[in-house]
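Architecture at a glance
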Amino acid sequence: MFGYRVPAPDQAMLISGGRRGQGGAPFRVVTGHGKFVLPVLRKTRFLTLSMCEAEVAETCVTKQGIALTVRAVIAFKVGNDTESIVNAGQRFLSDQDQMAVLTGRIFAGHLRSIIGSMTVEEIVTERQKLATEVLETSKTEMAKIGLIVDSLQIQSIDDGETGYIESMSAPYKAAIQRQAQIAWAKANQESAEAQQEATRNQAEYQRKTEVVQAQYNAEVDRAQAQASQAGPLAQAHAQQEVLAAQTELAQRQAELRQQQLVAEVVKPAEAEAERIRVLATAEANRMKIQAEAAASHDRVALERMLIEQLPQIVKEAASGLAGANVNVLNGADGLGEIAAGLVGQGLTILDSVRRNLGNAEGAQPQPPRAGTGNEVERYDVK
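The structure reproduced in this document is the subject of the present report. (Residues numbered from 1 in each chain as written. Predicted model: local features only at pLDDT ≥ 70, side-chain atom pairs only at ≥ 80, totals over all residues. Heavy atoms only, no water.)

**What to know about the sheet that holds strand β5 (residues 43-48)**
The strand order β3-β2-β5 describes an open sheet built from 3 strands, whose pairing is antiparallel. Each edge of the sheet is formed by a strand with only one pairing partner; in this case those strands are β3 (27-30) and β5. Neighbour-to-neighbour, the strand axes of the sheet open up by a mean angle of 30 degrees, direction not taken into account. Both strand β2 (residues 11-16) and β5 contribute to a ladder of 6 bridges, which runs antiparallel. When the bridges of β5 are listed, Ser-16 appears paired with Lys-43. (Pairing = 2+ DSSP bridges. Helix = DSSP H or I, 4+ residues; strand = E, 2+ residues; numbered from the N terminus. Axes fitted to C-alpha atoms, helices over the stretch in contact; angles between N-to-C directions.)

See the structure below:
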């Protein structure tokens, strides 16, 4: 529509002419919506509210007197409130690029001031502290010109040819190099150990493979040998069974023959021998009985004959005394004694003959009974 103006989302529309703006500002500020502007009578200008960037490269001297070149980047913009827009519009509306130039100069001054109160070690190790202090000290000045800083980043710190920072980092570099060498050596050792372990594993796997292959080959050879020997072994086993059966049959036949021999030869022979022995024993007993009977008969006959001849023996003995010169001192008693002596001699002779006969026939004489000497002794024949 003719005369109706709308600012972009990142712009502030400044309308000059007519009545003044809020707070006595020479223009009215419109953001986020449109406004009808009378042509010729009103004039509109636009101020950017977008993010801007300023770079700073400043040589600063530290507390130790060492010159450092510091490079930083500042991200800033015009504030969203009306006061900030008015302050920025009054200063930069005609040349908005001057915002970055002025911001860089402001921050360069604050960097020189803060770095001058710090050592190199603090600056290098505490960059965030440096950036925070610069932001805090520049906040008031930036607000006066309608700008706010979103961030400040220290990009680099260079000591030029002095070599201070490098010398300061030498121990750390040496430690890092030492750690790197240790790590490298450890990595090499682990690599060598891993390679040796891999070699051992490979050798062990090769050994196991060869063992398994050898076992497989042995099983194949054994199976082939068993297969090739199966026929001969079966034949030998069959022959062995046949021989065992034949041997058992021969043993049974031998036992049967032995039993037959015992039944046909030994038993009849034993029976015949027993019959002969029994007959011989009976015959011997019969002959013994006959001999004993004959001996008993002969002894009885002999004793009878001796008894019958005893008077003749006594007579002959008496006839031997007929021509002898015998003096009888005691008369009739002496004669009686002589006669008794003759009879006793006869009996002695008879007893001697009996004893000799009994010894010859195996008889044992009985001891004589007590008597007068004129009694005949008795003999028992076994």
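**Section: the packing of helix α2 (residues 98-115) against helix α4 (residues 127-144)**
Each pair of packed helices can be summarised by the angle the axes make with each other and by the distance between the axes. Axis separation between α2 and α4 bottoms out at 9 Å; the angle between their running directions is 130 degrees. Here α4 runs oblique to α2, going by the angle between their axes. When you trace α2 past α4, the crossing you get is right-handed. Here α2 contributes Thr-103, Ile-106, Phe-107, His-110, Leu-111, Ile-114 and Ile-115 to the contact with α4, which in turn contributes Leu-130, Glu-133, Val-134, Leu-135, Thr-137, Ser-138, Glu-141 and Met-142. Tallied by class, residues from the contact of α2 with α4 come to 9 nonpolar, 4 polar and 2 charged. (Parallel < 35°, antiparallel > 145°, perpendicular 65-115°, else oblique. Left-handed = near helix turned anticlockwise from the far one by under 90°. Contact = heavy atoms within 4.5 Å. Nonpolar A, V, L, I, M, F, W, Y, C, P; charged D, E, K, R; others polar.)

**Some words on the sheet that holds strand β8 (residues 147-158)**
On the basis of which strands lie adjacent, the open sheet formed by 3 strands has the order β6-β7-β8 and antiparallel pairing. Since the sheet does not close on itself, it has two edges, and those belong to β6 (52-61) and β8, each with one partner. Mean inter-strand twist for the sheet, computed between neighbouring axes without regard to direction, equals 20 degrees. The pairing of strand β7 (residues 67-78) with β8 spans 10 bridges and is antiparallel. Its bridge partner lying in β8, Phe-76 is registered against Val-149. Against the sheet, α2 engages β6, β7 and β8, with an angle of about 30 degrees to β6.

**Overview of the nonpolar core**
Counting 43 residues, the largest nonpolar core has Val-78, Leu-111, Leu-130, Leu-147 and Ile-154 as its most contacted members. In terms of residues, this core owes the most to one element, α2, which gives 7 residues. Residues within four places of Leu-147 in sequence aside, it is in contact with Phe-76, Lys-77, Val-78, Phe-92, Met-99, Thr-103 and Met-142. (Core = buried A, V, L, I, M, F, W, Y, C linked by side-chain atoms within 4.5 Å. Buried < 20%, exposed > 50% of the residue type's maximum accessible area, 1.4 Å probe, protein only.)

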